[in-house]
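Structure at a glance
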Amino acid sequence: MDYKALRMTSCCIAGALTLAVSPILAEAAPVAGASEITNVSVTSELTSSSPTSGIMLTLSQYLADHTIAVKNVARKTTDTQIVTASEMRSMPVEVQKEEPTEQKAKKKKVMIVAQVDGYVNVRAHADENSKVLGKLYDDSVGTVIKEKDGWYKIKSGNVTGYVKAEFVEIGTKKLLKKVGTRIATVDTETLRVRKSADADAKVIELVPGGEELTVVSESKKDQGWVKVSVEGGEGYVSADYVTLSTEYTYAESKEEEAARLAEEEADRRAAEAAAAAAAQQSSNSSSSSSSSSSSKNSGSSSSSSSSSSSSERHYSAPAGSNGQSVANYACQFVGNPYVYGGSSLTNGTDCSGFVMSVYAAFGVSLPHSSSAQRSAGYGVSIDDIQPGDIVCYSGHVGIYVGNNTIVHASSPSTGIKYTSPITYRTVLAVRRIF
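Residues numbered from 1 in each chain as written. Predicted model: local features only at pLDDT ≥ 70, side-chain atom pairs only at ≥ 80, totals over all residues. Heavy atoms only, no water.

1. Observations regarding the nonpolar core
F354, Y359, I399 and I433 are the most contacted members of the largest nonpolar core, which totals 28 residues. Elements supplying a minimum of two residues to this core: α6 (323–331), α7 (351–360), β25 (390–393), β26 (396–402) and β27 (405–411). Broken down by element, the residue count for this core peaks at five residues, all from α7. Y359 has contacts with V326, V364, L366, G388, D389, I390, I399, I433 and F434, leaving out every residue within four places of it along the chain. (Core = buried A, V, L, I, M, F, W, Y, C linked by side-chain atoms within 4.5 Å. Buried < 20%, exposed > 50% of the residue type's maximum accessible area, 1.4 Å probe, protein only. Helix = DSSP H or I, 4+ residues; strand = E, 2+ residues; numbered from the N terminus. Contact = heavy atoms within 4.5 Å.)

2. Details of the packing of aromatic side chains
For the structure on display, the rule yields eight aromatic pairs. Between Y248 and Y250, the aromatic rings sit 6.5 Å apart at their centres with planes inclined by 75°, giving edge-to-face as the arrangement. When its relative accessible area of 23% is taken as the criterion, Y248 is described as partly exposed. The exposure class assigned to Y250 is partly exposed, which follows from its relative accessible area of 38%. With a centroid separation of 6.1 Å and 70° between ring planes, the pair formed by F362 and F434 is classed as edge-to-face. Of this pair, F362 sits in the loop between α7 and α8 (370–373) while F434 sits in the segment after β29 (429–432), and the two are 72 residues apart along the sequence. Assessed through its relative accessible area of 13%, F434 is described here as buried. Ring-pair connections join several aromatic residues into one group, and the members of that group are Y315, Y329, F333, Y359, F362 and F434. (Phe/Tyr/Trp six-rings, centres within 6.5 Å; stacked < 30°, edge-to-face > 60°.)

3. Description of a nonpolar patch on the surface
Together, V203, L206 and Y340 make up a nonpolar patch on the protein surface, roughly 210 Å² of accessible area in all. Examined against the element boundaries, L206 turns out to sit in strand β16 (residues 203–208). Relative accessible area serves as the criterion here: at 34%, L206 is assigned to the partly exposed category. (Patch = residues over 30% accessible without salt bridge, like charges linked within 9 Å, V, L, I, M, F, W, Y side chains within 5 Å. Areas by Shrake-Rupley, 256 points an atom, 1.4 Å probe, with all protein chains shown as cover. Salt bridge = Lys/Arg side-chain N within 4 Å of Asp/Glu carboxyl O.)

4. Re the pattern of salt bridges
Side-chain pairs of opposite charge can arise where the charged atoms are in close proximity. In the structure shown here, the tally under the stated rule is twelve salt bridges. Among the ionic pairs, R182 bridges to E218, the shortest N-O distance being 2.7 Å. With R182 in strand β14 (residues 181–186) and E218 in the loop between β17 (212–217) and β18 (225–230), this residue pair connects regions lying 36 residues apart in the sequence. Residue classification places R182 among the partly exposed positions, given a relative accessible area of 30%. A single network of salt bridges, built from pairs that share partners, joins E128, K164 and E166.

5. Topic: the environment of L206
Considered as a pair, L206 and R192 are 14 residues apart in the sequence and their alpha carbons are 4.9 Å apart. The contacts of L206, once residues within four sequence positions are left out, are T190, L191, R192 and Y340.

6. Describing the pairing of β14
Two elements, β14 and strand β20 (residues 242–247), share six bridges in a ladder whose sense is antiparallel. Note on β20: the bridge partner recorded for V186 is V242. Across three bridges, the pairing between β14 and β17 is antiparallel. Bridge pairing links A184 to L213 in β17. (Pairing = 2+ DSSP bridges.)

7. Examining the confidence of the model for the protein
Parts of the model with low pLDDT should not have their predicted coordinates read in detail. When pLDDT is averaged along the protein, the result is 78; 66% of the residues meet or exceed 70. Here residues 1–60 scores under 50 on pLDDT; set against residues more than four positions off or in separate chains, the count is 146 contacts. Below a pLDDT of 50 lies the segment residues 298–311, which in the model reaches zero contacts outside its immediate sequence neighbourhood of four places, other chains included. (pLDDT = per-residue confidence, 0-100.)

Right, dumping it as structure tokens:
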């Protein structure tokens, strides 16, 4: 009898593994009780009928349940190879379990977006009288788990529960783009923002590492570059030096809300105490200075006062314990220079250094980072803004001084200056310290 090589292929039929043995150069016959295979000639083509992923089997696993015997094969051709029994037992057989189309559809994530005035409650059950687990604020998103009787069971942030379908909309690509903020986080020590998508283009701004810039566009024609918003305008940064992500607002659990309110209250009290201490120190310093000046004047001639330069600029020490005091103090430094990475109110500072140093005069410690200052104090709406509030933009910050105006360290060409309206760029957040 001629023996032909075995061509072995794996295929998946209705989710079950089958091993097809077809006579090509040899015949093989099942033999009851056979326990090993020797010198079987098989083709090198051992394939799956569908793309491989999922289940992984070996012939030894298959042969544990199926015993076959094949007689020795003495010859081989160019498209076959001799494989020993031990080699066969370690050969992998990859099988793809094909999922039904409806199961694939269920695995596709569907997102919803809250479209309400304020917020909608997330409840424990699909019932208006059930326990409130958290709040889904307007334009916040969640992932749908299932739909039930006009309710969506969702997961949003750390909250999993039900919201009424009438208060949310399915997150289309257009809607998700509208409510999400595309962010480019700087991954290098100093990032150059250029006028155009070209390594030789003019640098319009420098941005320190860790800063988060709002992405304006990611055009295919600008391959390798991302357009972002900075104080100097819109410019381009190399995609090699930033990490891109999309920020959404998610539901806030009852526990998270309580913790946030408690933290904001603690920050408020600490700021008030620091401001009061600063005001007291300023008052004591003024009294001491006045007393010293009076003492000197009583025993000196009037001609001694002309030694200082008439052009020397004097700055008042901070006084008071509220945002207006902060605004008044900050305004004294208008006209002073902008210096990248600096924090000196007189010799040069950048935007976050300016805010940091102004508040330091009131005993408040802030980070030297515009992105980090976006989390300082507590948030207020732009409609409730008050003097002293920190106004946050993409890669930039300033201090609100009233009359729809901010004071800020703007750029090397303009230094510290006033700008109005405050919405000259998109406002990302307003943070209140006092």
